[in-house]
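Structure assessment
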Amino acid sequence: MGCLCSQIVTLFLLSKRITFCGTLDYVPPEIVTGDFYDEKADLWCLGVLCYELCTGKAPFESKTDEHETYDRILKVHLDFPSYLSPQLIDFVSRLLNRDPAKRMSLEEVEAHEWMRRYEN
């Protein structure tokens, strides 16, 4: 029992998680692969949400099955419609980075040109 409690405390202190809950289209690569994840997973979801709100569809959605969706997520296979602004494409691309460490921070999200244009 002591070993399990130690693992739980360690997981809590490191702020990493291993549970899965949510909509398939919003799942970041680190969850697909079963790796630990942190707040950067939420930033991935923000990128998916922005893409979906601006295009009307999820960026990695497959018409065939969930395995193809997982594959598209892992490959970060993104198609941007031509009507999206370069600023939005940059914003979403920097959030939907395969490597969580390379995703924008929340501070960078707030300071990004695409976000600033909607202030006030």
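One can find the structure itself at the top, above this paragraph.
Residues numbered from 1 in each chain as written. Predicted model: local features only at pLDDT ≥ 70, side-chain atom pairs only at ≥ 80, totals over all residues. Heavy atoms only, no water.

**Focus: helix α5 (residues 86-95)**
Along an α-helix, a turn takes 3.6 residues, which lines up residues three or four apart on a common side. In plain terms, the rule: Only protein chains enter the accessibility calculation, which uses a 1.4 Å probe; a residue is then buried when its area is under 20% of its type maximum, exposed when over 50%, and partly exposed in between. In this description a helix means any DSSP run of H or I spanning at least four residues, a strand means any run of E spanning at least two, and both kinds are numbered starting from the N terminus. The arc in question is traced by the directions running from the helix axis to the C-beta atoms. Any two residues whose heavy atoms approach within 4.5 Å are treated as being in contact.
Within the sequence span of α5, burial applies to L88, F91, V92 and L95. For α5, the arc enclosing every buried residue in end-on projection is 90°, short of the 170-degree limit, so these residues lie on one face. Buried positions along α5 lie against α3 (40-55), α6 (106-111) and α7 (113-116).

**Quick notes on helix α4 (residues 66-75)**
Cut-off, in case you're wondering: For the purposes of these results, a polar contact is taken to be a pair of N or O atoms within 3.5 Å, where, inside protein, one atom must be able to donate a hydrogen and its partner to accept one; residues adjacent in sequence count only when each atom of the pair is a side-chain atom.
Within the span of α4, buried status applies to T69, R72 and I73. The buried residues of α4 occupy one face: seen down the axis, they fall within an arc of 100°. For α4, the exposed residues set more than 90 degrees away from the buried face come down to H67 and K75. Capping of α4 at its N-terminal end is provided by D65; its side-chain oxygen lies 3.3 Å from the backbone amide nitrogen of H67. Just downstream of α4 lies V76, where phi reads positive at about 50°.

**Digging into the side chain of T69**
Of note, T69 is situated in helix α4. Discounting chain neighbours no more than four positions away, the residues touching T69 are L24, D25, F60, E61 and S62.

**What to know about the packing of α3 against α5**
Here is the rule we go by: The axes are straight lines fitted to the C-alpha atoms, using for helices just the contacting stretch, and the angles between their N-to-C directions are given from 0 to 180°. Note: crossing handedness is left-handed where the near helix turns anticlockwise from the far helix by less than a right angle, and right-handed where it turns clockwise. Here the term charged refers only to Asp, Glu, Lys and Arg, the term nonpolar to Ala, Val, Leu, Ile, Met, Phe, Trp, Tyr, Cys and Pro, and the term polar to all other amino acids, Gly among them.
Here α3 crosses α5 at 145°, and the two axes come no closer than 8 Å. Handedness of the crossing formed by α3 with α5: left-handed. Between α3 and α5, the residues in contact are L43, W44, L46, G47, C50, Y51 and C54 and L88, F91, V92 and L95, respectively. Tallied by class, residues from the contact of α3 with α5 come to 10 nonpolar, one polar and no charged.

**A look at the packing of aromatic side chains**
This is how the line gets drawn: Centre distance within 6.5 Å is the pairing criterion for rings of Phe, Tyr and Trp, where only the six-membered ring of Trp is used; planes under 30 degrees apart are then read as stacked, over 60 as edge-to-face, and the remainder as tilted.
The tally for this structure, following the rule as stated, stands at four aromatic pairs. A centroid spacing of 5.0 Å and a plane angle of 35° characterise the contact between F91 and W114, whose relative ring orientation is tilted. On the criterion of sequence distance, the pair formed by F91 in helix α5 and W114 in helix α7 is long-range, its members being 23 residues apart. The class for F91 is buried, based on a relative accessible area of 0%. Exposure remark for W114: the relative accessible area of 11% places this residue in the buried category.

**Things to note about the nonpolar core**
Put simply, the rule reads: In this description, a nonpolar core means a group of buried Ala, Val, Leu, Ile, Met, Phe, Trp, Tyr and Cys residues linked to one another through side-chain atoms lying within 4.5 Å.
Formed by 18 residues in total, the largest nonpolar core has its most connected members in W44, F60, F91, V92 and L96. Contributions of two or more residues to this core are made by α3 and α5. Sorting elements by how many residues they give to this core places α3 first, with five residues. When sequence neighbours within four positions are dropped, the list of residues in contact with F91 reads C50, M104, V109, H112, W114 and M115.

**What about the pattern of salt bridges?**
Our working rule: The salt bridge criterion pairs a side-chain nitrogen of Lys or Arg with a carboxyl oxygen of Asp or Glu, the two atoms within 4 Å.
Across all of its chains, the model carries four salt bridges by this definition. The residue D90 makes a salt bridge to R94 at a minimum N-O spacing of 3.9 Å. On the criterion of helical spacing, the pair formed by D90 and R94 is a turn pair, its members being four residues apart in helix α5. In this structure R94 comes out as partly exposed when scored by relative accessible area, which is 32%. The salt bridge involving E108 is made with R94; its shortest N-O contact spans 3.9 Å. Taken together, the residues E108 in helix α6 and R94 in helix α5 connect sequence positions 14 residues apart. Through salt bridges with shared partners, a single network forms among D90, R94 and E108.

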